[in-house]
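Residue-level listing of the chains:
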Amino acid sequence: MSPAGNPEILPRPLGVPGSIAHTVLDAGDVGFLPLASDLAPTAPPSPRHSRLGPDAFGVSGPGVRARLESVLRGEGVFVTTGHQPVLLLGPIYVLYKALTAISLAARLEETLGAPVVPLFWIASDDHDWDEVGSATILDRSDALRTLALPVPDGGERRSVGSHVLDGSGMDILGALPELVPDSEFTAHYLELIRDAYVEGRPVSAAFARFLAGVVGDRGYAWIDSAHPELRRAAAPFHDRLLSDWDGILEAEAAGARALQAKGFEAPISRVGDALPLFFDEGGGRHRVRREETASPERWRERLEAAPEGFSPNVASRPALESWLLPVAATVLGPGEIAYWSQLGPLFGALDVPVPSIHPRAAWMLVEARTRRVLDRTGLSPQDLAAGAEPVVERLTREARPEAVKRALDRFREDAGTGMAAIEEAVAEDVPGLRGAAGKMRKGIFDAASELGRQVDRATRERLDVRLGQVRRAGANLFPRRRPQERVLNPLSFLCRYGPGLVERLARETDRRVASFLAGRAGDG
């Protein structure tokens, strides 16, 4: 049981049975991906210098700066994870990613005997503004509320890293005090938001600042993928893509074929003749393709003239990360494990080592009020996975007065027998009235069904409070019929339970990581 006032933290399986993620984590098939649990605990990793300097990174506190510089000199390694710079950290699993990377780095540092720094890669070169600019919270009445920043003018196809917060965003965030739970912790988190989300600040910088405020100084670093130094340092990598166009396309195809040979659809589909590379000259982010006016040579000329305009896509970003930095392991969610599983040939074509992977922690937060509802109704959290309505229907049926239910069932049975005899007699003696007999049957059974619905409505009215509680529990545990961690923003939970919740999540995550590294965690 959890301490009074705190939610239970229940583990969830990360991979659905039959999925790529479940197969990778359950079988540990090295034909897919190497696992962090297989990292040799014998000697420090081979030295690999970073292609980036320390000024490209942000740090959670002064203590990590020296360790970061050691890793950049080739004296240690990174454990990475990452996500787009989603409004207010986005779904809760983004926080779980960060805590998993922090815990894994600490564990590997003990194992490898060398500095290991957790690094959060802020993927601000993404251009899905609808995803990046929204967050769904539970308001004070446990209703889902989605906050959405307006898409900046002309920003539909631009990388989100090119956008800064404006006045309209401030208006939306200004409504938060009336929405989030009011507790002794609320003022603290609202102040963190006001400190991070400042008009004129890039969305990625606001994300990094709020993440640092929520997670605290846990010895981690972060980097913005749109940082000018990173874009310039990536130019030789992008040139390798452009220089071996057909080889890169074949490597992508080989990865897809290898996954298909194991019975899975490849998550990343190739788009015609396009490289896994984007270019933005100021009007929007577009795929790099071979055309009459855009030969590989012309693209290389553009790269030399404007390296900041190029950015990786979902397939090449993992390889770029390990090409720039000495990455020993990376923390991934189920979708990421799936698409990484087809990237081995691409890593090989680029002569980049594939990091070991570790599943992010997956949790369900069950608050005390939700637990009370579950206990009163005899439900488990998983009973609400398909949404609350099927449970509401079942509870309504079960609550229907038994005497009425038995009487209606008996009536339908007797009426069915009686109507069968009437219809048989009419068909034999007065066949012209068969339609009338059919209407009679329909009317009788329609009337019985209507009475049943009226009984249900009366039962629902009696159960209104109880069913409302079940619906709220469903919205909390499986909002929109999806796992809590994939929909709900952490802000409501943070306001209600404070920094202590992050501490507990960190401890539980550390146990989870230790179990995985010891080979006892199954699918993580």
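Everything discussed here concerns the structure shown above.
Model, not experiment: these values are computed from the prediction.

J.: An account of the overall build of the protein is requested, with residue identities and associated values reported.
T.: Counting its secondary structure elements, the protein contains 21 helices and 13 strands. Dimensions along the principal axes, computed over C-alpha positions, put the protein at roughly 95 × 60 × 50 Å. With 524 residues in all, the protein has 51% of them scored as buried. Taking the contacts inside the protein whose residues are at least 6 apart along the sequence as the reference set, 78% of them involve residues at least 24 apart. Counting 63 positive and 71 negative side-chain charges, the protein places the centres of these two groups 5 Å from one another.

J.: How would you sum up the packing of helix α3 (residues 92-112) against helix α7 (residues 203-215)? Please name residues and give values.
T.: Each pair of packed helices can be summarised by the angle the axes make with each other and by the distance between the axes. Here α3 crosses α7 at 65 degrees, and the two axes come no closer than 12 Å. Between α3 and α7, the crossing angle belongs to the class labelled roughly perpendicular. Crossing of α3 against α7: the hand is right-handed. For the pair α3 and α7, the contacting residues are Val94, Leu95, Ala98, Leu99 and Ile102 in the first and Phe207, Leu211, Val214 and Val215 in the second. The residue makeup of the contact of α3 with α7, split by class, is 9 nonpolar, no polar and no charged.

J.: Give a detailed account of the pairing of strand β11 (residues 327-332), specifying residues and quantitative values.
T.: Judged by how many residues are buried, β11 sits mostly within the fold: 6 of 6 residues are covered. Both strand β3 (residues 77-83) and β11 contribute to a ladder of 3 bridges, which runs parallel. Each bridged residue has a counterpart across the sheet, and for Phe78 the counterpart in β11 is Val327. As defined by bridge partners, β11 adjoins strand β12 (residues 356-359) across 4 bridges and the pair is classed as parallel. Across the sheet, residue Leu332 finds its bridge partner in β12, namely Pro359.

J.: Give me α3: which residues, what numbers.
T.: Counted at 1.5 Å a residue, the expected span for α3 with its 21 residues is 30 Å, and the 30 Å between its end C-alpha atoms agrees. Counting buried positions along α3 gives 16 out of 21 residues, so the element sits mostly inside the fold.

J.: Before we move on, can you summarise the pattern of salt bridges with the specific residues and values?
T.: Applying the stated criterion across every chain, the model contains 30 salt bridges. A salt bridge links Arg453 to Glu450, with the shortest nitrogen-to-oxygen separation between them at 3.1 Å. Here the residue Arg453 and the residue Glu450 both occupy positions in helix α18 (residues 434-477), the gap between them amounting to 3 residues, near one helical turn. Residue classification places Arg453 among the partly exposed positions, given a relative accessible area of 43%. What makes Glu450 partly exposed here is its relative accessible area of 28%. Here the residues in one salt-bridge network are Asp142, Glu367, Arg369 and Arg496, joined through shared partners.

J.: Pulling in residues and values, what's your account of the sheet that holds strand β4 (residues 116-122)?
T.: If you trace the 6 strands from one edge of the open sheet to the other, you get β2-β7-β4-β3-β11-β12, paired in mixed fashion. The open sheet has two free edges, formed respectively by β2 (57-59) and β12, since each of these has just one partner strand. For this sheet, the mean angle separating the axes of adjacent strands, direction not counted, is 30 degrees. Along the sheet, helix α2 (residues 63-72) contacts β2, β3, β4 and β7 (221-224); its crossing angle with β2, the most-contacted strand, is approximately 145 degrees.

J.: Account for the nonpolar core, naming residues and giving values.
T.: Counting residues in hydrophobic clusters, the biggest one holds 63 residues, and the most contacted among them are Phe57, Phe78, Leu324, Leu325, Ile337 and Ile357. Counting residues per element, this core draws most heavily on helix α10 (residues 245-261), which supplies 5 residues. The contacts of Ile337, once residues within four sequence positions are left out, are Leu14, Ile20, Ala21, Val24, Leu25, Leu33, Leu332 and Ile357. Counting 58 residues, the second-largest nonpolar core is a separate cluster that includes Ile102, Ile137, Leu173 and Val180.

J.: How would you summarise the environment of Arg65 if you had to cite specific residues and measurements?
T.: Its place among the elements puts Arg65 in helix α2. Overall, Arg65 belongs to the partly exposed group, its relative accessible area being 27%. Sequence separation of Arg65 and Asp273 is 208 residues, and the distance between their C-alpha atoms is 43 Å. If sequence neighbours within four positions are ignored, Arg65 has contacts with Pro54, Phe57 and Val59. A distance of 3.0 Å separates the side chain of Arg65 from the backbone oxygen of Pro54, its partner in a polar contact.

J.: Describe the environment of Arg441, naming the residues involved and giving the relevant values.
T.: Examined against the element boundaries, Arg441 turns out to sit in helix α18. What makes Arg441 partly exposed here is its relative accessible area of 28%. Sequence spacing of Arg441 and Arg67 is 374 residues, and the spatial spacing of their C-alpha atoms is 82 Å. With sequence-adjacent residues up to four places away left out, Arg441 is seen in contact with Gly416, Met419, Ala420 and Glu423. In terms of polar contacts, Arg441 uses its side chain to reach the side chain of Glu423, at 3.1 Å.

J.: Before we move on, can you summarise the packing of aromatic side chains with the specific residues and values?
T.: Counted under the stated rule, the structure contains 9 aromatic pairs. An angle of 45 degrees between the planes, with centres 5.7 Å apart, marks the rings of Phe120 and Phe207 as tilted. Here the residue Phe120 occupies a position in strand β4, and Phe207 occupies one in helix α7, the gap between them amounting to 87 residues. When sorted by exposure, Phe120 lands in the same class as Phe207, which is buried. Considering the side-chain rings of Trp299 and Phe310, the 6.1 Å spacing of their centres and the 80 degrees angle between planes classify their relative orientation as edge-to-face. In this pair, Trp299 is assigned in helix α11 (residues 296-305) and Phe310 in strand β10 (residues 310-312), connecting sequence segments 11 residues apart.

J.: Kindly report on the pairing of strand β6 (residues 144-148), identifying the contributing residues and their values.
T.: Each regular strand shows side chains that alternate between the opposite faces of the sheet. Where strand β5 (residues 134-138) and β6 come together, 5 bridges link them in antiparallel fashion. The partner of Leu138 across the bridge, within β6, is Leu144. Following β5, the chain reverses through 5 residues before pairing antiparallel with β6; Asp142 in that reversal takes a positive phi of roughly 65 degrees.

Conventions and cut-offs
- Residues numbered from 1 in each chain as written.
- Predicted model: local features only at pLDDT ≥ 70, side-chain atom pairs only at ≥ 80, totals over all residues.
- Heavy atoms only, no water.
- Helix = DSSP H or I, 4+ residues; strand = E, 2+ residues; numbered from the N terminus.
- Buried < 20%, exposed > 50% of the residue type's maximum accessible area, 1.4 Å probe, protein only.
- Contact = heavy atoms within 4.5 Å.
- Lys, Arg positive; Asp, Glu negative; His and termini not counted.
- Charge placed at Lys NZ, Arg CZ, Asp CG, Glu CD.
- Axes fitted to C-alpha atoms, helices over the stretch in contact; angles between N-to-C directions.
- Parallel < 35°, antiparallel > 145°, perpendicular 65-115°, else oblique.
- Left-handed = near helix turned anticlockwise from the far one by under 90°.
- Nonpolar A, V, L, I, M, F, W, Y, C, P; charged D, E, K, R; others polar.
- Pairing = 2+ DSSP bridges.
- Expected span 1.5 Å × (residues − 1).
- Salt bridge = Lys/Arg side-chain N within 4 Å of Asp/Glu carboxyl O.
- Core = buried A, V, L, I, M, F, W, Y, C linked by side-chain atoms within 4.5 Å.
- Polar contact = N/O pair within 3.5 Å; in protein donor to acceptor, adjacent residues only side chain to side chain.
- Phe/Tyr/Trp six-rings, centres within 6.5 Å; stacked < 30°, edge-to-face > 60°.

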